[in-house]
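The lines below spell out each chain.
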Amino acid sequence: MDDFISTLPCVDSWRHKHLLGLESLSAEDITLLLDVADRFRTICKSAKNKLNLLSGKTVCTLFFENSTRTRSSFTLAAQRLGASVLAFAAGTSSMSKGETVVDTARNIEAMGVDSFVVRHNMPGAPKLISENASGCVLNAGDGAHAHPTQALLDILTIRQRLGTLEGKTVALVGDIAHSRVARSNIWGLKKLGAKVILCGPSTLVSSEWAKIGVEYSYSLDEILPNVDVLNLLRIQFERQQSRPFPSVREYELLYTMNARRLAKAKKDVLIIAPGPINRGVEVTAEVADGPQSAIIDQVTNGLAVRMAALWLTDLRRDGE
Ligand code: NCD
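An account of the accompanying structure is given in this report. Note that the structure is predicted; figures quoted are calculated from it, not measured.

Here we take up the nonpolar core. The biggest cluster of nonpolar side chains holds 63 residues, and the ones touching the most others in it are Phe40, Leu172, Leu189, Leu198, Leu310 and Trp311. With 9 residues, the top contributor of residues to this core is helix α12 (residues 295-315). Taken domain by domain, the makeup of this core includes at least three residues from each of domain 1 (2-145 + 300-315) and domain 2 (148-297). In this view, leucine 198 contacts Leu172, Ile176, Ile186, Val205, Trp209, Val214, Glu215, Tyr216 and Ser217; residues no more than four positions away in its chain are not counted. Counting 26 residues, the second-largest nonpolar core is a separate cluster that includes Leu204, Ile271, Val283 and Val287.

Okay, here's the thing in structure tokens:
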């Protein structure tokens, strides 16, 4: 295993104690994290290859919203690095008695927790914890604001398949307005030199990103022949106050990625989606399970990215 550690990229340039979003990371930071994740992916194909880079450390998964992939992969990532994991169950905690998020984090930290992985429906909750507790904080999704590790695993998947992000055209399709995945993807993709097109119903796509060079389209059929990657985002019904389009049937007619649309795309177009997917709404089963889809591979990359994020932030635990 020592041989493996010596093959990891030089991480001296990493300066971040927390991972709250991608906006504050440089292209070099993102590339370093992806390079480390690539190495972890190679070694950690099986649970037998456990590393001891975080042995003696405790990671707390502080999830106030539901999760399948993100929570499981952060847990496995911490375990494969040799850390202990404390799974905090928000539903059965004293938060129901009125305890605040900050008090909750501080009390857990008093038991000797080194890092918090935080998911909350309030944008900014992970930042608030980072300002009031002394451990590292990794944002696992805060409201519609940011989901940095999801974007990193999306970008890692694209880089593995296409070799580079530079000059590639990536379309984020669907519910941009309510998507933390879209926001983090936009920052990460732009920093690495990709062209980003946001595509969906006009009620779910606004022009606020034009200032950083992001393009828009309300017609998936129009942009399809020119895109290298389609990232299909779930309609976040749980975050919507009003109905953003008349019916799911109408969405399906205009935006669902199906075999007919796939035939109009570049022949090697890459299909990704953060999951969960609503089969038949964002993407049909045929396309989701087809040869151009990397949806399951993204989940494998999620483990590697989260190992990289936990390890790199821990290296700077005494920093800013
Ligand atoms: C995403 C999330 O929670 O924001 N899911 C995930 O982390 N894999 C996307 C979504 O819920 O649609």
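Attention shifts here to the packing of helix α2 (residues 27-43) against α12. Two numbers describe how α2 lies on α12: the axes approach to 8 Å, and their chain directions differ by 115°. Our pair here, α2 against α12, has a crossing hand that is right-handed. Contact with α2, carried on its side by Leu33, Val36, Ala37, Phe40 and Arg41, involves Asp297, Thr300, Asn301, Ala304, Val305, Met307, Ala308, Ala309, Trp311 and Leu312 of α12 and no other residues of that element. The class makeup of the residues in the contact of α2 with α12 is 11 nonpolar, 2 polar and 2 charged.

What follows concerns the pattern of salt bridges. Taken as a whole, this structure holds 16 salt bridges when the rule is applied. Of the charged contacts, one joins lysine 195 and glutamate 215 as a salt bridge, the two residues approaching to 3.7 Å between their closest N and O atoms. One end of the pair, lysine 195, is in strand β6 (residues 195-199); the other, glutamate 215, is in strand β7 (residues 215-217), and 20 residues separate them in sequence. Note on glutamate 215: relative accessible area 37%, which makes it partly exposed. Between arginine 317 and aspartate 314 there is a salt bridge, with its nearest N and O atoms 3.6 Å apart. Look at aspartate 314 and you get buried, because its relative accessible area is 10%. Through salt bridges with shared partners, one network takes in Lys57, Asp114, Asp314 and Arg317.

What counts as what
Numbering of residues starts from 1 in every chain and runs along the sequence as written. Where totals are concerned, whole chains, interfaces and linings use all residues; where local detail is concerned, this predicted model gives features only for residues with pLDDT of at least 70, and gives and counts side-chain atom pairs only at 80 or more. Only hydrogens and water are set aside; all other atoms, that is, all heavy atoms of the structure, feed into the side-chain values. The definition of a nonpolar core used throughout is a set of buried Ala, Val, Leu, Ile, Met, Phe, Trp, Tyr and Cys residues joined through side-chain atoms within 4.5 Å. Remark: exposure states derive from per-residue accessible area (1.4 Å probe, protein chains only) relative to the maximum for the residue type, with buried under 20%, exposed over 50%, and partly exposed in between. Comment: elements are numbered from the N terminus, with helices defined as DSSP H or I runs of at least four residues and strands as E runs of at least two. Domain limits in this description derive from either an automatic procedure or a database domain assignment. Contacts between residues were defined by any pair of non-hydrogen atoms, one from each residue, lying within 4.5 Å. A fitted line through C-alpha atoms represents every axis, and for helices the fit uses only the stretch in contact; the resulting angles, taken between N-to-C directions, go from 0 to 180 degrees. Two helices that cross are described as forming a left-handed crossing if the nearer one is turned anticlockwise from the farther one by less than a right angle, and a right-handed crossing if clockwise. Any residue outside Ala, Val, Leu, Ile, Met, Phe, Trp, Tyr, Cys, Pro, Asp, Glu, Lys and Arg is labelled polar, Gly included; the first ten of those are nonpolar and the last four are charged. Just to be clear on terms, a salt bridge is a Lys or Arg side-chain nitrogen sitting within 4 Å of an Asp or Glu carboxyl oxygen.

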